Amino acid sequence: MDKHRSLLLANKAWVQEKTRLESDFFENLSKGQQPSYLWIGCSDSRVPAEEVTGASPGEIFVHRNIANLVVHTDLNVQSVLHYAIEVLKVKHVIVCGHYGCGGVRAAMTQNHFGVMDQWLRNIKDVFHDHRDEITSKGSQEDQVNRLVELSVLEQLKNIQRSHVLQKAWHQEQRPILHGWVFGLQDGLLRDLYRIDPSSPIEQEYRYDKAALE
Ligand code: CO
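Residues numbered from 1 in each chain as written. Predicted model: local features only at pLDDT ≥ 70, side-chain atom pairs only at ≥ 80, totals over all residues. Heavy atoms only, no water.

Colleague: Got a sec to walk through the environment of His163? Specific residues and values, please.
Modeller: For His163, the position within the fold is in helix α9 (residues 163-172). In this view, His163 contacts Tyr207, Ala211 and Leu212; residues no more than four positions away in its chain are not counted. Polar contacts involving the side chain of His163 include one to the main-chain carbonyl oxygen of Ala211, which spans 2.7 Å. (Helix = DSSP H or I, 4+ residues; strand = E, 2+ residues; numbered from the N terminus. Contact = heavy atoms within 4.5 Å. Polar contact = N/O pair within 3.5 Å; in protein donor to acceptor, adjacent residues only side chain to side chain.)

What follows is the structure, given as structure tokens:
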């Protein structure tokens, strides 16, 4: 049997199990979504948002890319942010990195990765800004993991710098921004950073109140 067929078979079993537990599960699911959370995570196959948080379909609006980056010129992540904040009105935005991230590790090397260089450049910039602190860590792996944490914080700041976030903070005092890091070795999420709607926004990135009405 082709290996991918096992996914389709598992899907049938999943449907049967969901329907057995709740006969109108899919009828309800099809009515619409009202997720409270936006999750921006790494594409890494080992960090599935719903599975590691025990969430059900409908609970988390998910965006994943290599190394969980929020880049202001990336229409994809910016569209997700816009839709989640302005239309779905999520209450929490979670940026979730993970220790041992291959994207972060690659960005710390001098290797050339083709088109991905442009993407990894965003991590290189964070490395550049924090080089002394990062290189003071003992092992190579510790250095990667510290950059993972610092990059998560930088992505939260990138969200904070966006117009759509500042408008939602100004008008509705939401969402709260959370920076988490997942440990592949123990499965635990570290709750490292939190930025509340009352937090100051750096002057260079702050929009006028009139622009937020
Ligand atoms: Co990763």
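Colleague: If you had to explain the sheet that holds strand β3 (residues 92-98) to someone new, which residues and values would you point to?
Modeller: Strand order in the open sheet formed by five strands is β2-β1-β3-β4-β5, and the pairing between neighbours is mixed. Looking at the sheet topology across the chains shown, the edges are occupied by β2 (60-65) and β5 (189-195). For this sheet, the mean angle separating the axes of adjacent strands, direction not counted, is 20°. Pairing geometry for strand β1 (residues 37-42) and β3, over five bridges, is parallel. (Pairing = 2+ DSSP bridges. Axes fitted to C-alpha atoms, helices over the stretch in contact; angles between N-to-C directions.)

Colleague: I'd love a proper account of the pattern of salt bridges, names of residues and values included.
Modeller: One pass over the full model with this rule turns up 13 salt bridges. Across the pair Glu17 and Arg20 runs a salt bridge, and its minimum N-O distance is 3.0 Å. With Glu17 and Arg20 both in helix α1 (residues 5-21), this residue pair falls three residues apart, about one helical turn. A relative accessible area of 37% places Glu17 in the partly exposed class. On the basis of relative accessibility, which here comes to 60%, the residue Arg20 falls in the exposed class. Note that Glu202 and Arg161 form a salt bridge whose closest N and O atoms lie 3.1 Å from each other. A residue pair is termed long-range when its members are at least 10 positions apart, and Glu202 in the segment after β5 and Arg161 in the loop between α8 (140-160) and α9 qualify at 41 residues. (Salt bridge = Lys/Arg side-chain N within 4 Å of Asp/Glu carboxyl O. Buried < 20%, exposed > 50% of the residue type's maximum accessible area, 1.4 Å probe, protein only.)

Colleague: Describe the domain arrangement of the protein, and please don't skip the residues or the numbers.
Modeller: Each domain of the protein was delimited in the assignment, giving domain 1 (1-31) and domain 2 (33-212). Its C-alpha centre places domain 1 at a distance of 31 Å from the equivalent point of domain 2. (Domains from an automatic or database assignment.)

Colleague: Tell me about the packing of aromatic side chains, and please be specific about residues and values.
Modeller: Following the criterion strictly, the structure yields four aromatic pairs and no others. Pairing Trp14 with Phe26 gives two aromatic rings, centres 5.4 Å apart and planes at 75°, and the pair type is edge-to-face. Of this pair, Trp14 sits in helix α1 while Phe26 sits in helix α2 (residues 25-29), placing them twelve residues apart in sequence. According to the relative accessible area criterion, Trp14 is partly exposed, its value standing at 35%. What makes Phe26 partly exposed here is its relative accessible area of 26%. Each ring, one from Phe61 and one from Tyr83, has its centre 5.7 Å from the other, and the planes form 40°; the classification is tilted. Taken together, the residues span a long stretch of sequence, with Phe61 in strand β2 and Tyr83 in helix α4 (residues 75-87) at a distance of 22 residues. With a relative accessible area of 17%, Phe61 lands in the buried category. (Phe/Tyr/Trp six-rings, centres within 6.5 Å; stacked < 30°, edge-to-face > 60°.)

Colleague: Give me the side chain of Gln160: which residues, what numbers.
Modeller: Summarising the element assignment, Gln160 is placed in helix α8. Of the residues examined, Gln160 reaches a relative accessible area of 6% and is grouped as buried. Residues contacting Gln160, with those up to four places away along its chain left out, are Leu165, Gln166, Trp169, Leu177, Ile195, Ser199, Pro200 and Ile201.

Colleague: Please set out the coordination of the cobalt ion residue by residue, giving values where relevant.
Modeller: At 2.0 to 2.3 Å from the cobalt ion lie its protein donor atoms, namely Cys42 (SG), His98 (NE2) and Cys101 (SG). Linear spacing of the donor residues for the cobalt ion on their chain is C-x55-H-x2-C. Of this pair, Cys42 sits in strand β1 while Cys101 sits in the loop between β3 and α5 (102-107); the two residues are 59 residues apart in sequence, bridging distant segments of the chain. By relative accessible area, Cys101 is classed as buried at 3%. (Donors = N, O, S within 2.8 Å, 3.2 Å for Na, K, Ca; no water.)

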